[in-house]
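Chain by chain, the residues run as shown.
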Amino acid sequence: MEQFVGTGVALITPFDSDGRVDVGALQRIVEYQIAGGIDYLVVMGTTAESATLTKSEKALVMGTVSKTNAGRLPLVFGVGGNNTHALVEELRQTDFMDYEAILSVSPAYSKPTQEGIYQHFKALALASPLPIILYNVPSRTGSNMLPETTLRLARDFENIIGIKEASGDMLQLDQIFQNKPGDFHLISGDDFTALATVLAGGSGVISVLGQGLPKAFSRMITLGLRGESETAYEIHQTLLNGMHLIFEEGNPAGIKVIMEHYDLSTDTVRLPLVKASTDLKERIKTFLKSTHLVTA
């Protein structure tokens, strides 16, 4: 599954000023990613505010991305939650035409044991018509999928092809990398550790900031994969403040400020999220101006 090497982005769901899904903006955003050199697109991840979308809205987003992309980039669709049975039914009933893989987050809120996490993903693996990329993000889920659980799943199920690892723990990433099957993708789920993950032997990143600054972010990852660490690190340092800023008041409030700045969408989010503060918006715009030559 070499199409998942490089820079993937977790797409936002753009809303108009009335809070409705903005199809035109979504089309612009997809084209912006393709023009910027992004390698694959992730639809209905956390950044998409998927928890606030209806079933029909998710289908609208799914179809819009597929039609706009028109086969140019590999597509990944997010299917995650803490109701294993419901997710199994969703996997069985959804038409995933044009999509290459599923991204599935470790169950949140329930705080299952490691055996519970394993059994959850076993059920999904047995039901899924597509390969699965696991997603570990303890800061959101309330529980950490330990390396031994990740490695057990990787060895037991051929259709579990990788993990988006967002623990931020480089030791944990190293434990996975040192013991994983050769064709299992270790993907950074954290912009801050993206370059370090690649330089350690990982496959790339599923980024948030990357969709706002696709040329710079994808170039950094490409250079890292080539081992050109010095130039890649220079880009990382240039982007580092932006990584902090876009998460300061929650995701995707920050990245939507960047998308609005480039006239791709509004910065509207759905409750319980709120728009970025005026102060944060100004600091993000200052960051974008300071990095213009690198990110253009």
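Residues numbered from 1 in each chain as written. Predicted model: local features only at pLDDT ≥ 70, side-chain atom pairs only at ≥ 80, totals over all residues. Heavy atoms only, no water.

**Details of unusual backbone geometry**
Next up, step 1: Each neighbour pair has its own omega, and for asparagine 251 with proline 252 the value is 15 degrees, a cis peptide bond.
Next up, step 2: With respect to the helices, strands and loops of the structure, proline 252 is situated in the loop between helix H11 (229-247) and helix H12 (253-261).
Next up, step 3: Positive phi is not limited to glycine here, since methionine 44 has a value of about 65 degrees.
Next up, step 4: If you trace the backbone, methionine 44 turns up in the loop between strand E2 (40-43) and helix H2 (55-69).
Next up, step 5: Residue classification places methionine 44 among the buried residues on the basis of a relative accessible area of 5%. (Helix = DSSP H or I, 4+ residues; strand = E, 2+ residues; numbered from the N terminus. Buried < 20%, exposed > 50% of the residue type's maximum accessible area, 1.4 Å probe, protein only.)

**A closer look at the packing of helix H6 (residues 147-156) against helix H7 (residues 170-179)**
Next up, step 1: Packing of H6 against H7 leaves a shortest axis separation of 9 Å and a crossing angle of 30 degrees. With respect to H7, the element H6 is oriented roughly parallel. Between H6 and H7 the crossing geometry is right-handed. Residues Pro147, Thr150, Leu151 and Arg155 of H6 touch H7, and the partners they reach there are Gln172, Gln175, Ile176 and Asn179. (Axes fitted to C-alpha atoms, helices over the stretch in contact; angles between N-to-C directions. Parallel < 35°, antiparallel > 145°, perpendicular 65-115°, else oblique. Left-handed = near helix turned anticlockwise from the far one by under 90°. Contact = heavy atoms within 4.5 Å.)

**Concerning the side chain of glutamate 49**
Next up, step 1: Inspection of the secondary structure assignment puts glutamate 49 in the loop between E2 and H2.
Next up, step 2: In terms of polar contacts, glutamate 49 uses its side chain to reach the side chain of lysine 256, at 2.8 Å.
Next up, step 3: Looking at glutamate 49, its side chain comes within polar contact range of the main-chain nitrogen of arginine 270, at 2.9 Å.
Next up, step 4: For glutamate 49, the residues in contact, after removing those within four places along its chain, are Thr13, Phe15, Pro252, Lys256, Thr268, Val269, Arg270 and Leu273. (Polar contact = N/O pair within 3.5 Å; in protein donor to acceptor, adjacent residues only side chain to side chain.)

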